[in-house]
Structures are given as structure tokens and as C-alpha cells.
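Below, each chain spelled out in residue letters.
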Amino acid sequence: MASSDSLNEYLWIAVLGCILGFVYAFGIGANDVANAFASTVASKSLTLRQAVVVAGIFEFAGAILLGASVTGTVRGKIFNLSLYDDEPEIVMLGFFTSLLTGSVMLLVATNYGLPVSTTHTIVGAIIGFTTVAKGFDSVDKENMKKIFISWVASPLCSGFGGFVLFGFVRHVIMKSSNPFNTAYYSFPFVLMAGVGIDAFYVLYKGFNNLDFSDKLELKWVLPVSFGFGAIIGFLWLLIIGPWARRRIEQRRAEIDEAENAATEKDVDKLENDEEVDDEGATGNLDAAEADNNQKSPDEDGDDDVDEEEAAPGKSTKKDVRISDHNIQDDYEGTVEPSALTFKDHFNAMAKQFADSTYNQDLFAQSMRENKGAKHIWDNGDEYDEDSEQLFTYIQVFTACLNSFAHGANDIANAIAPLSGILYIYRNGELSKNASVQKWILAYGGAAIVLGFLIFGYKTIKSIGYKLTKLSPSRGACAELAASLFVVTASFREIPVSTTQCIVGAVSGVGLVEGVKNVQWLFLLRVCVGWAVVFVTAALFNAGVFAMFAYSPSLITPSP
């Protein structure tokens, strides 16, 4: 076992590890969080800006309350730590190269809009370095087997959940004689189940590091959690639901009034155009007759006009119009730099940033890029608009659950290697169950939100628009199925892929309306990408680790 003093020479690994941990978490936000919010943004239940706010709140909450549980799994249960008891610096270096290679791969994939699994990336990278250092026998095969099974089971289970949920919603609610009222009175049960399950995991597992965690027994936690969910469902009937109903009815009245006004305006315009045409025809005849009477056979007048146009200092009406136009352009677009204030510069930069990130028409871009997606969206089933509008409230709720679940599970992918690096540097030893400091979880949560804000739009288009048609009712079912499975996996300390869960759930929802309602070739490309990313991460990091660990050094340590 090495002492902490003997690891002082590896301070550079700790410092660069903190930077790379932030970069990798940034990539998780740009890729995984974007996939998690893709259905919400695509169905227009939330704008991208609103989704960033929701992510900022619930990603942090999931990371702080449940993140430490999965972090311990990724950090200490993928390979046999006991083989490195006398060489903790090797593990330190391995975690560093894992973050390095993972960050490069994740940012490249995000740049091309490829929805990859960040869990696959970091686990594959860790396997690559430990195989080079101690051989393949160093890999914890039992835990790896469970993780591999989860990678197959997570999209299948979440897909089945999405298929069942939306199948029920479609046939029982959306195709009923009164879909709005049916949806309205079914929402309390959705709240009770969703809030109850999330509260159960927070109370029973999220507070396991606190002093009173031993008192949170199952017989108390279970009824309290679902009782809390029932209270929220009851509040929907008393307060939230009536407010939502009034807003939807007001919105419907405004839309109807606007449509009626537009129709009346079109009729009035058509009548006015007909009157103008009649008057214009008469006026043209009178003008033509007047021109014939006033026209002179002498053509010198035209020459005079040409001379006037060519004379210096004179201009025609056409020239005046052009001059005015140029002055207006100069006034609006060419302002002296000294006249611009700091506020003007800031507003211009803010607008440019918004237009290049969260203020884009992702639907129009996706339809231009993928003709198959356009066909599915153009020919997909349409449901009652007011019921869909009601489901936006449900989808916002499920988006919160999904964000909470994502923060609980995927924060481990970036924070586990970083936490391991810092723990080894401070203590000079290895530990499977070392506690994770809250500032590290918050540090990763901030990077995730920032990545989602800046580059999230790139991968939202893939899952939100190019896989199948989404609406609030479809998206709510997909998100609920995915979030419940991810939170369950986090509770069982299984680092599943959130990307796989949401892809499976969205595909299951699309399958309800027929096989042709899912782009299977696009789905196949995404699934193949998961396997390619895992294998590439393992090989890439094996090479990078070998270069760092075994390359000859020009510096010979002093005796």
C-alpha cells in the first residue's frame, strides 16, 4: 500500500482528472440528458430553454440523493481492486485515461448528433485499462455479466413498458368518446404511482449516508411514499387539475376566436379585392385616354430627362429612394463602435448564443435531414388536441421524474473515476465503498446542465424527431416507462444506460400504431453504435493507458 505522501508526484493526475471529469460530465449532458428530454421537446410540452431549467433542478436532486449509490458500483465493482493494493497509482492513472478517452469519444459523437451510451463508454474504457494492467482476469465477471444483461434488458423492458402504457392510453383514453375528461380523471393515479415510487427510492436508498438512515425501515417507507403520492394526486383533483382545465378551455376559446376572426378577415379582403379590381379597370381606361391626349410627337423631352439624370448634383426619385434605403441600412446595421454600449455588445452576444443553441427550429431541421421521419410525422395518427394539451402537464411531470432518475444514475459515469482519483491521491489506498463528497456530485451536475444547454440540440433531433412521431401523450408514456426503470436500476445499484431506456421506450410507444411507425433502420444504426462505442472505448483506452504506463521516460528519477 502506498502512502499519500508518495503520491505527491501524481498531483498532475488529480488536477487534470478534475478537468476531464467536468468535460466528460459536459458530454453526458450534451448527449444523454438531451436524449432524456428529446420526447418532451419534440412534443412541444417544454421548450429547450424550459427543459434546461428543469434539468438544472432535477439533475442536481437526483445526483445528490441517489448518485452516490451507483457511483460506488462503477468505481469499485467493474474490476478486482485487490490486485492493485500495492499499486494504487496504476488505478489512478487508469481512471485518468478512461476520462480522457471517454471525453474525446463522447464529444465527437455528440458533434455528429449520435445518441451513444455514456455508461458503455466509461465502463468499456475501464475494462480496457485493467486488461492491459493486470489481464482480463482482473475484470469482475459476475458484476460485468449483470451489467451486460442490463444493457439488453433495459431497452427491452422500457420498450415493453412504453408499449403497454401508451397502448392503454391510446385505446382507453385517446380513443374514448370523451378523451379529455377520461385523461383528466386518470391523472391522479399516474401521480400517485410516479411520485410514490420516486419518494420510495429517495427515502429508502437516497438517505443511506445520513445518521437516521437505519430508522427508515421498509414497513414505514413504503406507506409513507405512496401516501405522499396519493396526496399529490388528490391535490390534482382539488387545485392543479381545475387550474389546468381552465387554462386549456381558455386556450381553446382564444384559438376559436382567432380562427373566426381570420375567416372574417379573409372574406372582407376578398370582397375588397373584387371592388378594387372593378375600380382599377375603369381607372386604367381613363388614364390611357389622358396619356394619348397629352403625348407630344417631339422626343426632345426624353433627351432632357437623360441630361438631367446625368447632370452632377441632381437625382431622380428613384435615386432618392435608393439613398434613403442606404441611410436606413447604415443606421440599423453600421453603427460606430464608440456608440455601442456594453449592454449592446452583451445583448448581441446573447442573441447569437441563443440562435446557435436553444433557439432553433429543430423540427424543420430534422424533417429536411430525414425524409423517412417526415413521412412518419405527416401520416401519424392525430388525437384530440385538448387531451394532448392536458398531457403536456403529465409530460412535464414525467420529464421531472426522468431528469431525477438520470441524475441519480448517469452522474456516476463521470464522477466515479474522478472520485476514485481524488480518494487515492488523498489517502494513498483503494476502497470500494468510500463515500462520495457532495461537492463532487454537484460539480458533475453543473457540468451536465451546461453540456445540455450548449450542445443538447444536436442529439435531441435523433431521438425526438427521427425515430417515430411524438406528441404529449406519446412522450409522457415513454418518459414514465424509462424513468421508472432507470430509478429501479439505480436502487439495485445497476448502472444501466439512460439512452437505451429512452430509445426503447420511444420505440415501444411508436410500435403501438404499427410496425411502419418506427424507423427500424435508424434504430438499428443506433443499437449498432452502442456496441461499437463499447468496443472502441475498450481498445482506445487500452492503447492510451499502455502509452502512459509503459512508454520509456527521458527523465530518470534520482536515487
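Analysis parameters
Residues numbered from 1 in each chain as written. Predicted model: local features only at pLDDT ≥ 70, side-chain atom pairs only at ≥ 80, totals over all residues. Heavy atoms only, no water. Helix = DSSP H or I, 4+ residues; strand = E, 2+ residues; numbered from the N terminus. Buried < 20%, exposed > 50% of the residue type's maximum accessible area, 1.4 Å probe, protein only. Areas by Shrake-Rupley, 256 points an atom, 1.4 Å probe, with all protein chains shown as cover. 1 Å grid on protein atoms, 1.4 Å probe; cavity = no way out; pocket = protein on both sides within 12 Å on 5 of 7 lines; lining within 4 Å. Points joined across faces, edges and corners; volume = space filled by probe spheres on them. Nonpolar A, V, L, I, M, F, W, Y, C, P; charged D, E, K, R; others polar. Polar contact = N/O pair within 3.5 Å; in protein donor to acceptor, adjacent residues only side chain to side chain. Expected span 1.5 Å × (residues − 1). Phe/Tyr/Trp six-rings, centres within 6.5 Å; stacked < 30°, edge-to-face > 60°. Core = buried A, V, L, I, M, F, W, Y, C linked by side-chain atoms within 4.5 Å. Contact = heavy atoms within 4.5 Å. Salt bridge = Lys/Arg side-chain N within 4 Å of Asp/Glu carboxyl O.

Engineer: Mind laying out the overall build of the protein chain, listing which residues take part and the relevant values?
Structural biologist: The helix and strand tally for the protein chain stands at 17 helices and zero strands. Per-residue burial over the protein chain gives 47% buried out of 559 residues. When the accessible area of the protein chain is evaluated, it comes to approximately 28,200 Å², of which 61% is carbon and sulfur surface.

Engineer: Pulling in residues and values, what's your account of the layout of surface pockets?
Structural biologist: Over the atoms rolls a probe the size of a water molecule, and its path tells where empty space is left. Computed from the structure, the largest pocket encloses a volume of approximately 470 Å³. Contributing to the lining of the largest pocket are 19 residues, with Ser43, Lys44, Leu470, Ser471 and Pro472 lying nearest its centre. Taken together, the elements giving at least two residues each to the lining of the largest pocket come down to α13 (385–427) and α15 (472–491). With four residues, the top contributor of residues to the lining of the largest pocket is α13. Among the residues forming the lining of the largest pocket, the class breakdown is six nonpolar, five polar and eight charged.

Engineer: Give me the lowdown on the side chain of threonine 499, citing residues and values where you can.
Structural biologist: Following the sequence through the fold, threonine 499 ends up in helix α16 (residues 498–511). On the basis of relative accessible area, threonine 499 is assigned to the buried category, the value being 0%. A polar atom in the side chain of threonine 499 sits 3.3 Å from the side chain of asparagine 35.

Engineer: Give a description of helix α17 (residues 520–550) that names residues and reports values.
Structural biologist: The end-to-end C-alpha distance of α17, which contains 31 residues, comes to 45 Å, matching closely the 45 Å that a straight helix rising 1.5 Å per residue would cover. Of all the positions in α17, only Phe522, Leu523, Val526, Trp530, Val533, Phe534, Ala537, Ala538, Asn541, Ala542, Val544 and Phe545 are classed as buried.

Engineer: Could you give an account of the packing of aromatic side chains, with specific residues and numbers?
Structural biologist: Per the counting criterion, the structure on display carries 21 aromatic pairs. Here the aromatic rings of phenylalanine 96 and phenylalanine 548 are separated by 5.9 Å at their centres, their planes lie at 85 degrees, and the arrangement is edge-to-face. With phenylalanine 96 in helix α3 (residues 88–111) and phenylalanine 548 in helix α17, this pair connects stretches of sequence that are 452 residues apart. Classification of phenylalanine 96 by relative accessible area gives buried; the value is 4%. Between phenylalanine 129 and phenylalanine 545, the ring centres sit 5.4 Å apart and the planes meet at 50 degrees, which makes this aromatic pair tilted.

Engineer: Talk me through the nonpolar core; I want residue IDs and the actual numbers.
Structural biologist: Formed by 116 residues in total, the largest nonpolar core has its most connected members in Phe79, Phe452 and Ile460. Of the residues forming this core, the biggest block, 16 residues, is contributed by α13. If we skip the residues at most four places from it in the chain, isoleucine 460 touches Ala34, Ala38, Val41, Leu48, Leu362, Phe452 and Tyr465.

Engineer: Could you give an account of the environment of isoleucine 173, with specific residues and numbers?
Structural biologist: Within the secondary structure, isoleucine 173 sits in helix α5 (residues 141–174). Sequence-distant contacts of isoleucine 173, that is, excluding residues within four places in its chain, are made with Phe168, Pro179, Thr182, Ala183, Ser186 and Phe391.

Engineer: If you had to explain the pattern of salt bridges to someone new, which residues and values would you point to?
Structural biologist: Applying the stated rule across the entire model yields 13 salt bridges. Of the charged contacts in the structure, one is a salt bridge between lysine 461 and glutamate 369, with a shortest N-O distance of 3.1 Å. Here the residue lysine 461 occupies a position in helix α14 (residues 438–465), and glutamate 369 occupies one in helix α11 (residues 362–369), the gap between them amounting to 92 residues. Residue glutamate 369 is classed as partly exposed on the basis of its relative accessible area, which comes to 47%. Here glutamate 513 ties to arginine 474 by a salt bridge, and the two come within 2.8 Å at their closest N and O atoms. You can see glutamate 513 sitting in the loop between α16 and α17 and its partner arginine 474 sitting in helix α15, a full 39 residues away along the chain. One salt-bridge network, held together by shared partners, links Arg170, Asp381, Arg474 and Glu513.

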